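# Residue-level structure breakdown
Here's the letter readout for the chains.
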Amino acid sequence: MAWKPLPIGIDDFGKIINGKYYYVDKTLFIRELLDIKGEVNLFTRPRRFGKTLNMSMLRYFFEQSPAGNQEFFKNLKIMDTGEEYLRHMGQYPVISLSLKSMKQYSYELAFEMLKKAVEGEFTRHWDEIEKSGKLSEAKLERYIRIRDLKGMEADYADSLKFLSECLYICTGKRSVILIDEYDVPLENAYFSGFYDRMVSLIRSLFESALKTNDSLEFAVVTGCLRISKESIFTGLNNLNVESITTRSFAEYFGFTPEEVEQMLADYDLTENLETVKRWYDGYCFGETEVYNPWSVINYLYSCYRNKKAFAKPYWSNTSSNSIVRRLVEQADISVKQEIEALIEGGTITKPIHEDITYDDMESTQDNLWNFLFFTGYLKKISEQQEGETIYMEMAIPNSEVRYIYKNAVLRWFEENTSKKELSPLYESILNGDTDRMSEILSENLMETISFYDYQESYYHGFLAGMLKNIGNYIVQSNRESGKGRPDILLKYPSVRGKAVIIEIKVSKTYPGLEEKCDEALKQIEDQRYEEGLRQEGYQNIMKYGVAFYRKECMAKLQK
């Protein structure tokens with residue numbers, strides 16, 4: 001195969017085909033969609049799993065076009081399915097709306113972005129509306145008002161239904177309505193504080209367009225989550241939901257193992273399969289194994305000039321981590337232990353239910369695990385039903401998502417630590433109160449998440465982070481002094497003040513803490529760590545041996 005450019009960040013189907021980009025053929029999605037004959041179809045998948053590209057493909061296939069659309073689908077799988085499916089090609093007015101731009105800091109700005117998105121569709125269909133001359137004067141006046149961004153809020157609340165009615169009057173055909181990223185404005189509004197207003201707006205938009213709309217042929221809606229209790233889909237008896245738990249349509253979002261192997265072979269990168277699998281595989285939609293398509297494409301691009309390029313966490317740079325952050329901020333000790341187990345490669349089992357809302361997020365910890373599962377931060381290992389409840393065994397999908405947990409989670413804990421009142425810890429250190437010092441450090445360890453197998457480097461970073469805001473003292477970590485490097489030095493700027501040497505050890509048992517403290521103090525003496533401080537002029541030098549066992553701490557002061 002001749003080398004083809006990779007479509008990084010390109011989600012317009014026509015641009016990919018015309019630009020001769022590499023395309024993983026998902027056109028049989030059209031056949032399956034026509035087979036189920038669902039009037040309103042909701043597809044929920046994690047971010048960056050090909051939803052927008054599939055919606056673009058649907059628009060190119062179904063939309064009326066004087067020139068025809070066959071050239072876009074030449075040599076693609078849908079062309080071999082027969083007249084039963086191909087007779088739908090180019091036969092419908094298509095209304096295509098993305099709500100992605102509504103991720104704004106205020107309701108007013110989000111609404112303005114909705115107006116612009118709607119205006120784009122009214123402008124795109126203007127020629128066929130104008131040429132037909134079939135709209136009444138009142139309808140034409142309203143159409144132009146919306147097109148020119150001069151409408152009232154009520155004009156936009158049912159604008160999709162109005163546009164489909166206008167297109168039916170002018171073309172005699174019902175519309176296909178495509179709504180992409182429908183939950184982006186809802187998630188953003190929840191975290192930005194105007195959730196209720198946004199729910200009302202989206203409900204009005206959807207109810208009018210998707211419920212009892214005689215001008216609708218069928219609709220496809222995509223998002224990360226099924227959000228139903230907010231009554232966005234109130235009374236929508238024609239709603240067909242296809243989530244990551246259903247078996248149908250599973251292979252059309254993300255790359256299957258066969259597709260990834262073919263891509264690697266096409267780019268002469270077959271030897272990189274294990275790396276790609278470890279980093280970007282691991283998802284399970286229905287019963288289908290799926291790779292993250294965004295990350296696979298970005299990784300292949302990184303190998304263009306260097307076949308040995310290191311894998312990177314591409315998905316973590318594109319997805320909102322707000323939900324993970326909220327989980328961490330609200331977590332109790334048991335949840336923190338579960339996160340630690342997940343990062344270490346373990347599993348958790350939780351009840352799963354799809355009809356969740358953002359309002360539900362903080363009502364129980366189980367709801368947060370649901371959000372993490374449906375947004376791609378956890379994968380299904382197995383499931384079982386007990387009564388009416390489905391319990392899902394879940395794990396972190398791959399190295400890429402584990403990277404998000406490790407780095408984002410650690411950073412958020414550091415931020416929380418910086419907000420804490422730690423003056424009692426500082427006072428206990430400077431006053432030689434080892435019991436209080438040990439108690440405070442143990443309490444704070446209980447609130448953290450550790451995932452480095454309790455190595456000394458983990459405790460070093462933890463203690464250094466706790467001490468970085470110790471008022472007037474200079475904090476030095478692993479700086480040269482005497483014959484070696486003490487773990488942490490605290491120095492008052494004036495040599496008339498105190499200096500503190502802290503050496504850290506890790507015990508394999510709780511009873512072994514005291515022995516490790518003594519070992520740390522002996523190391524301070526043997527390595528003559530205080531020598532450099534004496535040379536600087538410090539006379540009042542405190543020496544601490546600090547030992548850790550899991551989340552327990554003991555401190556001893558050299559008398």
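This write-up is about the structure you can find in this document. (Residues numbered from 1 in each chain as written. Predicted model: local features only at pLDDT ≥ 70, side-chain atom pairs only at ≥ 80, totals over all residues. Heavy atoms only, no water.)

Before going further, it helps to examine the packing of aromatic side chains. Summed over the entire model, instances satisfying the criterion amount to 37 aromatic pairs. Arranged with centres 5.5 Å apart and planes meeting at 75 degrees, the rings of Phe29 and Phe253 form a pair that is edge-to-face. Here Phe29, found in helix α2 (residues 28–36), pairs with Phe253, found in the loop between β5 (239–242) and α13 (257–266); they are 224 residues apart in sequence, far enough to count as distant. No difference in accessibility class separates Phe29 from Phe253, as the two residues are buried. Here Tyr280 and Tyr299 contribute two aromatic rings whose centre-to-centre distance is 6.0 Å and whose plane-to-plane angle is 50 degrees, an arrangement assigned as tilted. Linking Tyr280 in helix α14 (residues 273–280) with Tyr299 in helix α15 (residues 293–302), this pair joins segments that are 19 residues apart in sequence. Exposure class is identical for Tyr280 and Tyr299. Each is buried. (Phe/Tyr/Trp six-rings, centres within 6.5 Å; stacked < 30°, edge-to-face > 60°. Helix = DSSP H or I, 4+ residues; strand = E, 2+ residues; numbered from the N terminus. Buried < 20%, exposed > 50% of the residue type's maximum accessible area, 1.4 Å probe, protein only.)

To continue, consider unusual backbone geometry. The phi angle at Glu181 is positive, at roughly 60 degrees, despite the residue not being glycine. By secondary structure assignment, the location of Glu181 is in the loop between β3 (175–180) and α11 (184–192). Although it is not a glycine, Thr212 adopts a positive phi angle of roughly 50 degrees. You can see Thr212 is positioned in the loop between α12 (195–210) and β4 (216–223).

Across a sheet, strands are paired by hydrogen bonds formed along the backbone, either parallel or antiparallel in direction. The strand order across the open sheet built from three strands is β8-β10-β9, with neighbouring strands paired in antiparallel fashion. Looking along the sheet, the strands with just one partner apiece sit at the ends: β8 (348–352) and β9 (379–386). On average, adjacent strands in this sheet sit at an angle of 30 degrees to one another, irrespective of strand direction. Inspection of the sheet shows β9 paired to strand β10 (residues 389–395) by seven bridges, in the antiparallel sense. Residue pairing for β10: Glu386 is matched across the bridge by Thr389. (Pairing = 2+ DSSP bridges. Axes fitted to C-alpha atoms, helices over the stretch in contact; angles between N-to-C directions.)

As a further point, take the state of the cysteines. Enumeration over the complete set of coordinates arrives at zero disulfides. Take Cys166: it sits in no disulfide, and the sulfur closest to it among the cysteines is that of Cys170, at 6.5 Å. Under the relative-accessibility criterion, Cys170 is labelled buried at 9%. (Disulfide = S-S within 2.5 Å.)

Bringing the layout of surface pockets into the picture now. In this model, the largest pocket occupies a volume close to 800 Å³. Around the largest pocket sit 37 residues that line it, and Arg47, Arg48, Phe49, Gly50 and Thr52 are the ones nearest its centre. Of all elements in the fold, only α3 (51–62), α11 and α15 reach the threshold of two or more residues within the lining of the largest pocket. Class assignment for the residues of the lining of the largest pocket results in 18 nonpolar, 10 polar and nine charged. When its volume is computed, the second largest pocket comes out at roughly 520 Å³. As for the second largest pocket, its lining consists of 20 residues, and the residues nearest its centre are Lys4, Tyr23, Lys74, Asn75 and Leu76. When contributions to the lining of the second largest pocket are tallied by element, the ones reaching two or more residues are α1 (13–18), α4 (70–73) and α13. (1 Å grid on protein atoms, 1.4 Å probe; cavity = no way out; pocket = protein on both sides within 12 Å on 5 of 7 lines; lining within 4 Å. Points joined across faces, edges and corners; volume = space filled by probe spheres on them. Nonpolar A, V, L, I, M, F, W, Y, C, P; charged D, E, K, R; others polar.)

What follows concerns the nonpolar core. In a soluble, globular protein the nonpolar side chains are often hidden away together inside. Tyr182, Leu186, Met198, Phe206, Trp369 and Tyr405 are the most contacted members of the largest nonpolar core, which has 90 residues in total. Among the elements that make up this core, the one with the highest residue count is α12 (nine residues). The residues touching Tyr182, leaving out its near neighbours within four places in the chain, are Leu42, Leu99, Phe206, Val221, Thr222, Gly223, Leu225, Arg226, Ile227 and Phe233. (Core = buried A, V, L, I, M, F, W, Y, C linked by side-chain atoms within 4.5 Å. Contact = heavy atoms within 4.5 Å.)

Inspection of every chain in the model, using the stated rule, returns four cavities of 30 Å³ or more. Taken as a whole, the second largest cavity holds about 50 Å³ of empty space. Taken together, Pro46, Ile244, Tyr283, Cys284, Phe285, Phe373, Gly376, Leu378, Lys379 and Lys380 make up the lining of the second largest cavity. Residues of the lining of the second largest cavity, tallied by class, amount to seven nonpolar, one polar and two charged.

Let's shift gears to the sheet that holds strand β11 (residues 474–477). The strand order across the open sheet built from five strands is β11-β12-β13-β14-β15, with neighbouring strands paired in mixed fashion. In this open sheet, the two edge strands, each paired with only one partner strand, are β11 and β15 (552–557). For this sheet, the mean inter-axis angle between neighbouring strands, taken without regard to orientation, is 20 degrees. Of the strand pairs in this sheet, β11 and strand β12 (residues 488–491) are connected by four bridges, and their pairing is antiparallel. The residue bridging Gln476 from the neighbouring strand is Leu489, located in β12. Contacts from helix α21 (residues 434–446) reach β14 (540–549) and β15 within the one sheet, and its direction differs from that of β15 by about 155 degrees.

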